[in-house]
Amino acid sequence: AVLTLAVILDLLPDESSFKKAVYYKMGFGLFDFSTGTAIPRLVSMEEAWRGFKQSPLIGNGIFSANNVFVNPHTGEVTGTAGLVGWLNGLFFQALHDTGMFGLICWFFFFAFFLFQNFNVYRLLPNSIERSMVLGFLGGNIVILVGSQASSVVWISFPFVYWAINLALLQYCKTQLRVNS
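Residues numbered from 1 in each chain as written. Predicted model: local features only at pLDDT ≥ 70, side-chain atom pairs only at ≥ 80, totals over all residues. Heavy atoms only, no water.

When helices and strands are counted, the chain shows 6 helices and 2 strands. Seen in sequence order, the chain has helices and strands lined up from the N terminus as α-α-α-β-β-α-α-α. Of the contacts formed within the chain by residues at least 6 apart in sequence, a portion of 52% connects residues at least 24 apart. For the chain, the accessible surface area stands at approximately 11200 Å², while carbon and sulfur atoms represent 72% of it. (Helix = DSSP H or I, 4+ residues; strand = E, 2+ residues; numbered from the N terminus. Contact = heavy atoms within 4.5 Å. Areas by Shrake-Rupley, 256 points an atom, 1.4 Å probe, with all protein chains shown as cover.)

The structure is reproduced here in structure tokens:
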């Protein structure tokens, strides 16, 4: 996946806004405290850790994070790191909102899909179904990585994706039982 992205980026013209954005994020965008996304991410991490320390086992409740910027000198709220209660990154959100219990559940959730896709892929003969399962395996890795940069699981797409993935896995497992 990394090699494919590198080749695609290399083939794009230097004026490409996509290429510039990816290079910015890969370079210093994540650590740019003047114009980048570093401050909201830092606020999210601090709030997640503070919330975890308050209630480490079951968390503080859904969207209970206080992710606002407060001027330390005047006490005024000067902005938010996204929507109030919404932290950048699934695992930060889970750590704050649902504690270790929720964090472990998300780890097992992703592990289930990765493990199931890999096992079915390994058992299938070369076929279109095998290629589709490999695609879903890669897609689950992309969702796992992407969910750490933003809260991608708060929209419906991943859940529809996982439902389709489960249907394909069930179909493939049925075909394996019939053919064996």
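Contact geometry for helix α5 (residues 128-149) and helix α6 (residues 157-179): axes closest at 11 Å, N-to-C directions at 150°. Looking at the two axes, α5 sits roughly antiparallel to α6. The way α5 lies across α6 gives a crossing that is left-handed. The segment α5 lies against α6, with Glu-129, Met-132, Val-133, Gly-135, Phe-136, Gly-139, Asn-140 and Ile-143 engaging Phe-157, Pro-158, Tyr-161, Trp-162, Ile-164, Asn-165, Leu-168, Leu-169, Tyr-171 and Cys-172. For the contact of α5 with α6, the per-class residue count stands at 13 nonpolar, 4 polar and 1 charged. (Axes fitted to C-alpha atoms, helices over the stretch in contact; angles between N-to-C directions. Parallel < 35°, antiparallel > 145°, perpendicular 65-115°, else oblique. Left-handed = near helix turned anticlockwise from the far one by under 90°. Nonpolar A, V, L, I, M, F, W, Y, C, P; charged D, E, K, R; others polar.)

With that settled, consider the packing of aromatic side chains. By the definition in use, this model includes 13 aromatic pairs. Ring geometry for Phe-112 against Phe-113: centres 5.3 Å apart, planes inclined by 85°, an arrangement best described as edge-to-face. Take Phe-112: its relative accessible area is 38%, and that puts it in the partly exposed class. Arranged with centres 5.8 Å apart and planes meeting at 25°, the rings of Phe-113 and Trp-162 form a pair that is stacked. In this pair, Phe-113 sits in helix α4 (residues 90-123) while Trp-162 sits in helix α6, placing the two residues 49 residues apart along the sequence. Ring-pair connections join several aromatic residues into one group, and the members of that group are Trp-106, Phe-109, Phe-110, Phe-112, Phe-113, Phe-159 and Trp-162. Lying across the ring of Tyr-121, Arg-130 places its NZ or CZ 4.1 Å from the centre. (Phe/Tyr/Trp six-rings, centres within 6.5 Å; stacked < 30°, edge-to-face > 60°. Buried < 20%, exposed > 50% of the residue type's maximum accessible area, 1.4 Å probe, protein only. Lys NZ or Arg CZ within 6 Å of the ring centre and 35° of its normal.)

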